[in-house]
Amino acid sequence: MFGLIKKLFSQKVKIIQTTKGEMEETALEKREGSLENGTEVTNWVEYWHDKELVHRSVNVTLKPQPVAQTIIGGF
Amino acid sequence: MANVAGMCSSFKGELLNGIHALGPGTGVPARTVSTADVVKAALFLVSASRGVADTVYNTTGELAGTGGYTQGGVTVTQGTQPSTSGTTGIFTPSASFVWSSFTSSGAFDCVVLYNSSQGNKEISVHTFSSQSITAGTFTLTMPTNDASNALLRIA
């Protein structure tokens, strides 16, 4: 752990939380993607290790969806 | 000058602020009017059947309480008062919804907002593309709080 921390400060290595614990980004394959359609703008990042998905994060921004309409009645 | 019929724009924002309680009083909850209700956001599986016919939040179809997810969801940050923009009443939470150190129990595509201070009454159902999270973070970024984009709009 101490060695890892020392390396972090000296080389600014990015650490990724994975299903296998903390891993250096350089040891992983990074895949990114995005999607935009009528309801959302979505971006995701994945990290793979030995053909296994070990990290996936997603950011979704919703486009305008429900609107409550107001109507007044007649007499 | 002519008279023009319509719902007052200010009324729409005031509804979101809990200012009006119409009718004979039946069903009006006891409340401290100067305190906002607690609103929560919960995630639901692709296989769930949430929709506008829902009245009260429940855990049917919600992500399991595993992998860093707590059933019931996260508390919505309400730093911005509901208001009126043009003729539209608007409200948008003031911070994104974030689940971190999170591994989802299955694919999900829905977030439900509900009022945990008022018997978990549901407010809205929002859907997006199917997602799954692995040892990561899921963020729902809030839209601009205006008449065209606010998360909740009464037009």
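On a predicted model such as this, the values are computed, not experimentally measured, just so you know.

Novice: Would you mind going over the nonpolar core with me for this structure?
Specialist: One broad rule of soluble globular proteins: the nonpolar side chains tend to lie buried together. Counting residues in hydrophobic clusters, the biggest one holds 27 residues, and the most contacted among them are Ala42(B), Phe44(B), Val111(B), Val112(B) and Leu113(B). Those elements that provide at least two residues to this core are β5 (52–62) of chain A together with β1 (39–45), β5 (97–102), β6 (108–115), β7 (121–131) and β8 (136–141) of chain B. Setting aside chain neighbours within four positions, we find Phe44(B) in contact with Arg50(B), Gly61(B), Glu62(B), Phe108(B), Cys110(B) and Val112(B). Core analysis: the second largest hydrophobic core is formed by 6 residues, Ile90(B), Phe91(B), Met142(B) and Ala150(B) among them.

Novice: I would appreciate a short explanation of unusual backbone geometry in the present structure.
Specialist: A negative phi holds for most residues other than glycine; trans holds for most peptide bonds. Even without glycine at this site, Asp50(A) takes up a positive phi of about 50 degrees. Within the element layout of this structure, Asp50(A) appears in the loop between β4 (40–49) and β5. Note on Asp50(A): 9 C-beta atoms within 10 Å, which makes it exposed. Of note, Ala135(B) is a non-glycine position whose phi angle comes to about 45 degrees, a positive value. Within the secondary structure, Ala135(B) is located in the loop between β7 and β8.

Novice: Help me understand the interface of chain B and chain A in this model?
Specialist: You'll often see interface size given as the accessible area lost when the parts meet. Across the boundary between the two partners, chain B contributes 27 residues, which contact 25 residues of chain A. Of the residues in the side of chain B that touches chain A, the class split is 10 nonpolar, 15 polar and 2 charged. Two strands pair when backbone bridges link them, and strand β6 (residues 67–68) of chain A and strand β9 (residues 152–154) of chain B are joined in this way by 2 bridges, in the parallel orientation. Looking across to β9(B), one finds that Ala68(A) is bridged to Ile154(B).

Novice: Explain the sheet that holds β1(B) here, please?
Specialist: All names here are of chain B. Pairing within the open sheet is antiparallel, and its 4 strands lie in the order β2-β1-β6-β7. Unpaired on one side and paired on the other, β2 (74–75) and β7 mark the two borders of the sheet. Note that β1 and β6 share 7 bridges and pair antiparallel. Among the inter-strand pairings, Leu43 is bridged to a residue of β6, identified as Val111.

Novice: Where do I start with the confidence of the model for chain B in this structure?
Specialist: Residue and element names in this part refer to chain B. Per-residue confidence for chain B averages 90 on the pLDDT scale, and 98% of its residues sit at or above 70. The weakest mean pLDDT in chain B belongs to helix α1 (residues 9–16) at 83; the strongest belongs to β8 at 97. The complex prediction reports pTM at 0.87, with the ipTM value standing at 0.85.

Rules used throughout
- Residues numbered from 1 in each chain as written.
- Chains lettered and ligands numbered in written order.
- Predicted model: local features only at pLDDT ≥ 70, side-chain atom pairs only at ≥ 80, totals over all residues.
- Core = buried A, V, L, I, M, F, W, Y, C linked by C-beta atoms within 7 Å.
- Buried ≥ 20, exposed ≤ 12 C-beta atoms within 10 Å, placed from the backbone.
- Helix = DSSP H or I, 4+ residues; strand = E, 2+ residues; numbered from the N terminus.
- Contact = placed C-beta atoms within 7 Å.
- Nonpolar A, V, L, I, M, F, W, Y, C, P; charged D, E, K, R; others polar.
- Pairing = 2+ DSSP bridges.
- pLDDT = per-residue confidence, 0-100.

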